[in-house]
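Letter by letter, the chains look like this.
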Amino acid sequence: MRSDWATPLNPFTLLYLIFTLTAFIVSPLPERSLPYLIQAGSGVLGFLVVYVWLDRPSRLRWLLQAMVLGAGALSLAGFFLVEWPSQYLFDLRLALIHLPHLPLPFSIHPNAIAGALLPPICLAWGVWRFRLSRWQRAWLIVAVALMSLMLLLTQSRNAWLALLAAWGAYQVWGRFRFVYFAIGLGVLIALPFAVNLLPAAGLSHLERGVAFVDNASKSGESDEPSWLSRLEIWRVAGQTLADYPVVGAGLYAFEPVSRANYVYAVVSPQLNFTHAHNLFWQTAVNLGVMGLLTAVGLWGATLWGLWQRQPQLALDGVDWTAVEWTAVDWTAVVGAAFISSLWFNLFDLIAWEMKAGVIIWLLLAVAMRLSPAQKAHKASGLAGVVLAAWLILLLSPPGQGNWRRLQLDQARFTQTAAPPVSPTTFANDARRLGLAYFLRQEVDAAVSAWQADAQSVTFLRQQGVMAFYEGEWETAVTWHHLALQLDKTDGLTHYWLGMAYEAQGNPTLARHHYDLALADLLGNGPTDVIAETWEGRGRVMAQSGQWEAAADSFAQAVALFPDNPDYAQQLREVNLLLQGEE
């Protein structure tokens, strides 16, 4: 029995660690990236240790049973730790409101637990074929029931589709040449990338179709469109990869970096999306193009090995009768588990660098024990080519541009007065040129640069809105005034500036900007924003004791949204005060 550490995946995992460490070193937010670096290193080490430990079928059997029962225990804990979704296909809130949340300072996202449960629930099919005692079989049934119920309660459409894809993969596993299977997977992986290649008209049609599915398939209290948001996140991820192609934008710094440099139209500043909702887009913006190729190689080598249906343990002469099932069938079960995770990761994320990624590392160790022994020099040669190409790219113009943008981002996040790069290095990037001048406190030069950016007003307004939600009122005021220097009649900017002044306790300036917002928005602005502007105007008028003007403002908001309880309540309170004065 072989007991060394060599696996066909070692060259890929080594590259992955090199790229991950580099992404941490260059990250503009190292404190945000550090936990993911530690989890990635722990995952690789755990993979190798478990692979060495799995040197006989009895241990493989024990691990697989433990993974399924552990997932059942996770599901049980999830009933008291999951933050239940506000949108749903089936409204099960009456059953959930009686479940108390344990007094812990965190909650589990429903999509996260759904993604973590997919591989174990696939493995349960194989574990059922073991020769189990009555009690073991009973516990297995309980674990599967808990996992199935949790998948239902999470309302994750993606997880349900992933199970369907896993079942289909199990049915065809190893039945034809791997190249055809790889082509099918390649098409699936390429779909989120292909979205960025659509012309404006095609993208518009796709967005309308996705919005229809969003609205038709789920209802609830959240206004955030689920799948439509993903389309926009992928679009911004494409812009990020184009600007940070060699070493990425920093390990799991995608959200803050993208919000600091690009414009979101669908994703609101209040939505904390943390990642790119796609494993391969997230890997690309984390590690760059070569990191993406490494991830594809790692998945490809794993699935190819399982597709051969020639387990290494069997080839090593080990007796598989202890497993009570043929090793060839197990390759299909583990392959289906990988497909469930891969499908889920096309639209969400359970990545190797995450805590839940331990499941993937365990599966990789199992897969290597169920894969035929391969010549390591082939994978090593490919990894060497990838590493050499990466080193060349580091010294190329794209690599230098990647580094300069990261330096500007770091200066932005640390609020450094003078960024370490000259503004002239961004001569062809009006938005970053303006940011570089702004950090040098050269405001006039910054505004002049932003005039060449067609989205500058929206971009600057969004920077102010994010500062507003973070409670940084003065910063919000600054960004909004910059936007108004480019367009003094932008009603949305006046609205948010009114909100910022109101939060600062300056009702006079707040009312001034609410009035300017209404002058621009009435007749052509979003109805909900107009109503909120009337409400804000009513609040500041009430603070100044101008009850009649406040009542008129609240009445305007109620006229637009008669069913809004907040507008109606504020109008009633002001009318009661007016009646009391009479």
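Look above for the structure.
Just so you know, these numbers come straight off a predicted model, no measurement behind them. (Residues numbered from 1 in each chain as written. Predicted model: local features only at pLDDT ≥ 70, side-chain atom pairs only at ≥ 80, totals over all residues. Heavy atoms only, no water.)

**Brief notes about the packing of aromatic side chains**
Using the following cut-off: Working definition: a ring pair exists when centres of Phe, Tyr or Trp rings (six-membered ring for Trp) sit within 6.5 Å. Plane angles under 30 degrees give stacked, over 60 give edge-to-face, the rest tilted. Helix and strand definitions follow DSSP, with helices as H or I runs of at least four residues and strands as E runs of at least two, each counted in order from the N terminus. Burial status follows relative accessibility: with a 1.4 Å probe on protein chains alone, a residue under 20% of its type maximum counts as buried, one over 50% as exposed, and anything between as partly exposed.
Applying the stated criterion across every chain, the model contains 28 aromatic pairs. With a centroid separation of 6.1 Å and 55 degrees between ring planes, the pair formed by Trp-343 and Phe-347 is classed as tilted. Residue Trp-343 and its partner Phe-347 are located together in helix α15 (residues 327–347), separated by four residues, close to a single helical turn. Given the relative accessible area of 27%, Phe-347 is considered partly exposed. Between Tyr-469 and Trp-496, the ring centres sit 5.8 Å apart and the planes meet at 70 degrees, which makes this aromatic pair edge-to-face. Here the residue Tyr-469 occupies a position in helix α21 (residues 456–469), and Trp-496 occupies one in helix α23 (residues 491–504), the gap between them amounting to 27 residues. For Tyr-469, a relative accessible area of 36% translates into the label partly exposed. Through successive ring pairs, a cluster of aromatic residues spans Tyr-16, Phe-47, Trp-299, Phe-338, Trp-352 and Trp-361.

**Quick notes on helix α24 (residues 507–521)**
Since one α-helical turn is 3.6 residues long, residues separated by three or four positions face the same way. Just so we agree on the cut-off: Any helix carries an expected span of 1.5 Å times its number of residues minus one. Regarding the arc, it is the one traced by the directions from the helix axis to the C-beta atoms. Throughout, a residue-residue contact means that at least one pair of heavy atoms, one from each residue, lies within 4.5 Å.
In a regular helix each residue adds 1.5 Å, so 15 residues correspond to 21 Å; α24 covers 20 Å between its end C-alpha atoms and thus fits that length. Of all the positions in α24, only Ala-510, His-513, Tyr-514, Ala-517, Leu-518 and Leu-521 are classed as buried. Seen along its axis, α24 keeps its buried residues to an arc of 145 degrees; they face one direction. What points out from α24, more than 90 degrees from its buried face, is the exposed set Thr-508 and Ala-519. Elements in contact with the buried residues of α24: α22 (473–486), α23 and α25 (527–543). Positive backbone phi, at 95 degrees, marks Gly-523, one or two positions downstream of α24.

**Here we look at the nonpolar core**
The condition that has to hold: Side-chain atoms within 4.5 Å are what join buried Ala, Val, Leu, Ile, Met, Phe, Trp, Tyr and Cys residues into a set we call a nonpolar core.
One finds Leu-123, Trp-173, Phe-254, Trp-330, Val-334, Phe-338 and Ile-339 to be the most contacted residues of the largest nonpolar core, which totals 126 residues. Among the elements that line this core, the one with the most residues is α15, at 12 residues. Residues in contact with Val-334, not counting those within four places in the same chain, are Leu-123, Leu-306, Leu-363, Val-366, Ala-367 and Leu-370. The next biggest cluster of nonpolar side chains, apart from the first, holds 33 residues, and it includes Ala-467, Leu-497, Val-540 and Ala-542.

**Considering the side chain of Ser-553**
In this fold, Ser-553 is placed in helix α26 (residues 547–560). Residues in contact with Ser-553, not counting those within four places in the same chain, are Trp-534, Arg-537 and Gly-538.

**Comments concerning the pattern of salt bridges**
Note the threshold: A pairing counts as a salt bridge when a side-chain nitrogen of Lys or Arg comes within 4 Å of a carboxyl oxygen of Asp or Glu.
Applying the stated criterion across every chain yields a total of 15 salt bridges. The shortest N-O distance in the salt bridge between Arg-432 and Asp-429 comes to 2.8 Å. Neither Arg-432 nor Asp-429 differs from the other in exposure class; each is buried. What emerges from the salt-bridge pattern is a single network uniting Asp-243, Arg-405, Asp-429 and Arg-432.

**A word on helix α7 (residues 157–172)**
Counted at 1.5 Å a residue, the expected span for α7 with its 16 residues is 22 Å, and the 23 Å between its end C-alpha atoms agrees. Turning to α7, its buried residues number three or more, namely Arg-157, Asn-158, Ala-159, Ala-162, Ala-165, Ala-166 and Ala-169. Note on α7: the residue one or two positions beyond its end, Gly-174, has a positive phi of about 70 degrees.

**Digging into a nonpolar patch on the surface**
Inclusion rule: Patch membership needs two things, relative accessible area over 30% and no salt bridge, and members are linked within 9 Å if like-charged or within 5 Å if nonpolar (Val, Leu, Ile, Met, Phe, Trp, Tyr). All accessibility values rest on the Shrake-Rupley procedure with a 1.4 Å probe; residue burial counts only the protein chains present in the view.
A cluster of nonpolar side chains, Phe-176, Val-179, Tyr-180, Ile-183, Val-187 and Leu-191, forms an exposed patch at the surface whose accessible area comes to about 550 Å². Following the sequence through the fold, Leu-191 ends up in helix α8 (residues 178–194). Leu-191 gets classed as partly exposed once you look at its relative accessible area, which sits at 46%.

**Focus: the packing of helix α3 (residues 57–78) against helix α16 (residues 358–369)**
Inclusion rule: A fitted line through C-alpha atoms serves as each axis, taken over the contacting stretch for helices, and the angle formed by two N-to-C directions is quoted from 0 to 180°. An angle counts as roughly parallel when it lies under 35 degrees, as roughly antiparallel when it exceeds 145, as roughly perpendicular when it falls between 65 and 115, and as oblique in every other case. Left-handed describes a crossing whose near helix is turned anticlockwise from the far helix through less than a right angle; right-handed describes the clockwise counterpart.
One way to put it is that α3 packs onto α16 with a least axis distance of 12 Å and a crossing angle of 155 degrees. In terms of their interaxial angle, α3 and α16 are classed as roughly antiparallel. Where α3 crosses over α16, the handedness of that crossing is left-handed. Counted together, Leu-60, Leu-63, Leu-64 and Met-67 of α3 and Ile-359, Leu-362, Leu-363 and Val-366 of α16 form the full contact between these two elements.

**Overview of the environment of Arg-572**
Topologically, Arg-572 is positioned in helix α27 (residues 565–581). What makes Arg-572 partly exposed here is its relative accessible area of 47%. Note: C-alpha distance between Arg-572 and Ala-555 (17 residues apart in sequence) is 9.6 Å.

**Describing unusual backbone geometry**
Notably, Gln-155 is not glycine yet its phi reads approximately 60 degrees, a positive angle. Among the secondary structure elements, Gln-155 is positioned in the loop between α6 (134–153) and α7. Despite not being glycine, Gln-441 has its phi angle at roughly 65 degrees, a positive value. Assignment of secondary structure puts Gln-441 in the loop between α19 (430–439) and α20 (443–450).

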